[in-house]
Structure formats: C-alpha cells, structure tokens
Amino acid sequence: LFYNSSSKTGQVNSTVVKSAITEIIHPVDTNIILSDIAGKEDSYIFTIFPGGVGMVLWIISILGSGNVILIESYYNILKKLKTVDSRAVSYLSGLVLTRLCIGISLVLILLPLVNLIFGIAVKGSILLLLLLVILATLCFLGIALIVANLTKLPDAYNAIVQVVQFPLLLLGGVFFSIEILPDWL
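Quick notes on the rules
- Residues numbered from 1 in each chain as written.
- Predicted model: local features only at pLDDT ≥ 70, side-chain atom pairs only at ≥ 80, totals over all residues.
- Heavy atoms only, no water.
- Helix = DSSP H or I, 4+ residues; strand = E, 2+ residues; numbered from the N terminus.
- Buried < 20%, exposed > 50% of the residue type's maximum accessible area, 1.4 Å probe, protein only.
- Contact = heavy atoms within 4.5 Å.
- Areas by Shrake-Rupley, 256 points an atom, 1.4 Å probe, with all protein chains shown as cover.
- Core = buried A, V, L, I, M, F, W, Y, C linked by side-chain atoms within 4.5 Å.
- Axes fitted to C-alpha atoms, helices over the stretch in contact; angles between N-to-C directions.
- Parallel < 35°, antiparallel > 145°, perpendicular 65-115°, else oblique.
- Left-handed = near helix turned anticlockwise from the far one by under 90°.
- Nonpolar A, V, L, I, M, F, W, Y, C, P; charged D, E, K, R; others polar.
- Phe/Tyr/Trp six-rings, centres within 6.5 Å; stacked < 30°, edge-to-face > 60°.
- Expected span 1.5 Å × (residues − 1).

Caption draft 1: Inspection of the overall build of the chain at higher detail. The secondary structure content of the chain amounts to seven helices and two strands. Scanning the chain from its N terminus toward the C terminus, one meets helices and strands in the order β-α-α-β-α-α-α-α-α. Put simply, the chain has 185 residues, and 25% of those count as buried. At a minimum sequence separation of 6, the contacts of the chain that also span at least 24 residues come to 69%. Entry remark: accessible area of the chain is about 12200 Å², with carbon and sulfur atoms responsible for 70%.

What follows is the structure, encoded as structure tokens:
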C-alpha cells in the first residue's frame, strides 16, 4: 500500500492501516506493507492506477451485473431461462465467475503494462493482490445484488448507483485531491 506522508489524509490513512494490520496480523513489520511516496516524481500514478482498477471493478460489478439482472428480469428473459432446467444458483454463480475472471484478467494484464510503461512494480505478493481483487469484486457484486433487489426497473437501479458512485468519485481522493475540496466535505 502506498501513502503520501506530506498530506494530512495520507498520514491519517497510514496510521489507520498500520493499526489495523497490527490488530489483524500481529507480528508484522508495517514498513514492508506501507511505502511512503512523498516527494517521489510522478507519484500521481501510484494513486491513479489502483483507483482506476478499483473503478473498473466497480463498473463491471455494479453497473454490469445488477443492471443485467434487472434488464433480463424486466424483459422476461429470466422466465424464459426458467423453462430450461436451470437454477438461480447456477445463473448467479455464472454471473459472479464471469466478473471475477474479468477482474483478475484485468489486473494480470495491467500489472506488466504499468511496469513496462511507468516502471512501477508490485513490491508485495501478487497472490494477495489477486485476493484483494476477488474480495473487492465480491463486495461490489453484493452491493449490486442488494440494490437490484430493492428496485424493479433498470432506470431506478442506475439512478441509485449514480447517487452512490459520484460521491465516491469526488470524495475518494483518487481522481481529485481531497485537499483542494472545502473543509466541510
């Protein structure tokens, strides 16, 4: 994990992550996991790459799966699918597996490209990174299923997702610096 010690948010986030790591995985050197990027040239790529990957995982999970379920339900495609001997578990597991495959392949393709173009290599374990991608995708899919269950129309689903997505984009600190925002945000 990278943090910027020259910003207030970076200092707070690194303290929170260090305390969480020492609580969960007790005897570990947090300096191995956390790397300070303050003062490094082109340090914005350290922020934009993980944020971009997270955003793509969000899009393929939230906008891709929940919207697909509602559209197929709205146009009675799911009822036609029930005429074939299939269960809801197989339908949902196929949806989850395709999103997981897309997310994992995205990371496995982008990591060598970012290393080749920008010279940024992963210092930690690739397996832990893939586990993080799997967990993020499953969490986003869970959110998508909850919101899809609350709404019946694809347009209502998209509106609810946008209400959640835009504050995450603006206040997440990945695409826009949090320090330029007003204090009340």
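Caption draft 2: Layout of the nonpolar core. Within the largest apolar cluster, 18 residues are counted, with the highest numbers of intra-cluster contacts made by Leu57, Trp58, Ile62, Val107, Phe140 and Tyr157. By residue number, the principal contributor to this core is helix α3 (residues 44–74), which donates seven residues. Ignoring any residue separated from it by four or fewer positions in sequence, one finds Ile62 in contact with Asn67, Phe140, Ile143, Ala144, Tyr157 and Val161.

Caption draft 3: Summary view of unusual backbone geometry. Positive phi values are uncommon outside glycine, yet Asn76 reaches one of about 60°. For Asn76, the location among the structural elements is in the loop between α3 and α4 (77–83).

Caption draft 4: Inspection of the packing of helix α5 (residues 88–118) against helix α6 (residues 126–150) at higher detail. As a packed pair, α5 and α6 sit with axes 10 Å apart at the nearest point and diverge in direction by 140°. Considered as vectors, α5 and α6 are oriented oblique to each other. For the pair α5 and α6, the sense of crossing is right-handed. Of the residues in α6, those in contact with Leu92, Val96, Arg99, Leu100, Gly103, Ile104, Val107, Leu108 and Leu111 of α5 are Ile126, Leu129, Leu130, Val133, Ile134, Thr137, Leu138, Leu141 and Leu145. Classifying every residue of the contact of α5 with α6 by side-chain character gives 15 nonpolar, two polar and one charged.

Caption draft 5: Geometry of the packing of aromatic side chains. Following the criterion strictly, the structure yields two aromatic pairs and no others. Look at Tyr74 and Tyr75: their rings are 5.1 Å apart centre to centre, the planes differ by 85°, and that puts the pair in the edge-to-face class. For Tyr75, a relative accessible area of 52% puts it in the exposed group.

Caption draft 6: Region of interest: α5. With 31 residues, α5 should reach 45 Å at 1.5 Å per residue; the first-to-last C-alpha distance of 44 Å fits that figure. Residues of α5 that are buried include every one of Leu95, Arg99, Leu100, Gly103, Val107, Leu111 and Val114, and no others. Positive backbone phi, approximately 75°, marks Gly119, located one or two places after α5.

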